[in-house]
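Coordinates in review
What follows is each chain in one-letter form.
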Amino acid sequence: MVHVLSSRTLLHPADPERSRAFYGEKLGLPVYREFGTGPERGTVYFLGGGFLEVSGRASERPSPAVGLWLQVADVRAAYEELVAVGVEVDRPPVKEPWGLVEMWLTDPDGTRIAVVEVPSDHPLRYRP
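Where an unreviewed UniProt entry is consulted, the chain appears under the name VOC family protein, with the organism given as Streptomyces tauricus.

In structure tokens:
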């Protein structure tokens, strides 16, 4: 069995500077580390219990089968903050039938991002 010590999601954007501006400035993700030089240098951001690495360059759009799920404490506050800095939100926060409050947006390359709040009474937080 593989014993995982750390994990990260790797994104290879079409325009690395545009993606760094989106994740670092617009979403406000804190930087864990940077490496390399030039426009294709790598930037690794904190994502709660994991990391997001934006590095290299891709000539193809990302697969629609891959997305990011980011849990926040207050999705409505996150919505207000993101709209205030000019992030285009695909769908404002909605309480889903399964009990989570979800907002959806898309990064500059088309990667879908779910920003999710787990309410205090949701089974993900409470086990009877």
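Now that the structure has been shown, the text picks up again.
Attention shifts here to the pattern of salt bridges. Overall, the coordinates contain 7 salt bridges when judged by the stated rule. Of the charged contacts, one joins Asp90 and Arg112 as a salt bridge, the two residues approaching to 2.9 Å between their closest N and O atoms. Pair noted here: Asp90 is in strand S6 (residues 89-95) and Arg112 is in strand S8 (residues 112-117), with a separation of 22 residues, a long-range link.

Our next topic: the pairing of strand S5 (residues 67-71). Here S5 shows a clear split, with Leu68 and Leu70 buried on one side and none of Gly67, Trp69 and Gln71 buried on the other. As judged from the 5 bridges shared by S5 and S8, these two strands associate in the parallel manner. Residue pairing across strands places Trp69 opposite Ala114, the latter belonging to S8.

Per the UniProt record, the feature "domain: VOC" (unreviewed entry) sits at residues 1-118. The distance separating the terminal C-alpha atoms of residues 1-118 is 31 Å; by composition the span is 18% helix and 37% strand.

To continue, consider the sheet that holds strand S2 (residues 31-35). In spatial order, the strands read S1-S4-S3-S2; together these 4 strands make up an open sheet with mixed pairing. Here the strands that pair on one side only, and so sit at the sheet edges, are strand S1 (8-11) and S2. Averaged over neighbouring strand pairs, the angle between their axes works out to 20 degrees when direction is ignored. Summarising the sheet, S2 and strand S3 (residues 42-47) pair through 4 bridges and their orientation is antiparallel.

On to the nonpolar core. Within the largest apolar cluster, 20 residues are counted, with the highest numbers of intra-cluster contacts made by Phe22, Tyr23, Leu27, Leu52, Met103, Leu105 and Ile113. The set of elements that each furnish at least two residues to this core consists of helix H1 (16-26), strand S4 (50-54), S5, helix H2 (75-84), strand S7 (101-106) and S8. Ignoring any residue separated from it by four or fewer positions in sequence, one finds Phe22 in contact with Leu27, Val87, Leu105, Thr106, Asp107, Pro108 and Ile113.

Here we come to the layout of surface pockets. Put simply, the largest pocket is a space of about 400 Å³. Lining the largest pocket are 19 residues, with Leu29, Leu47, Leu70, Gln71 and Val72 positioned closest to its centre. Within the residue set of the lining of the largest pocket, elements represented by two or more residues are S3, S5 and H2. Counting residues per element, the lining of the largest pocket draws most heavily on S5, which supplies 4 residues. The residue makeup of the lining of the largest pocket, split by class, is 12 nonpolar, 5 polar and 2 charged.

What follows covers H1. Taken as a whole, H1 has its buried residues at Pro16, Ser19, Arg20, Phe22 and Tyr23. Relative to the axis of H1, the buried residues are bounded by an arc of 160 degrees and lie together on one face. Residues of H1 that are buried in the fold lie against S1, S3, S4, S5, S7 and S8. At the C-terminal side of H1, Gly28 shows a positive phi close to 75 degrees.

Conventions used here
- Residues numbered from 1 in each chain as written.
- Predicted model: local features only at pLDDT ≥ 70, side-chain atom pairs only at ≥ 80, totals over all residues.
- Heavy atoms only, no water.
- Salt bridge = Lys/Arg side-chain N within 4 Å of Asp/Glu carboxyl O.
- Helix = DSSP H or I, 4+ residues; strand = E, 2+ residues; numbered from the N terminus.
- Buried < 20%, exposed > 50% of the residue type's maximum accessible area, 1.4 Å probe, protein only.
- Pairing = 2+ DSSP bridges.
- UniProt positions renumbered as here; feature names shortened; annotations may be inferred.
- Axes fitted to C-alpha atoms, helices over the stretch in contact; angles between N-to-C directions.
- Core = buried A, V, L, I, M, F, W, Y, C linked by side-chain atoms within 4.5 Å.
- Contact = heavy atoms within 4.5 Å.
- 1 Å grid on protein atoms, 1.4 Å probe; cavity = no way out; pocket = protein on both sides within 12 Å on 5 of 7 lines; lining within 4 Å.
- Points joined across faces, edges and corners; volume = space filled by probe spheres on them.
- Nonpolar A, V, L, I, M, F, W, Y, C, P; charged D, E, K, R; others polar.
- Arc of directions from axis to C-beta.

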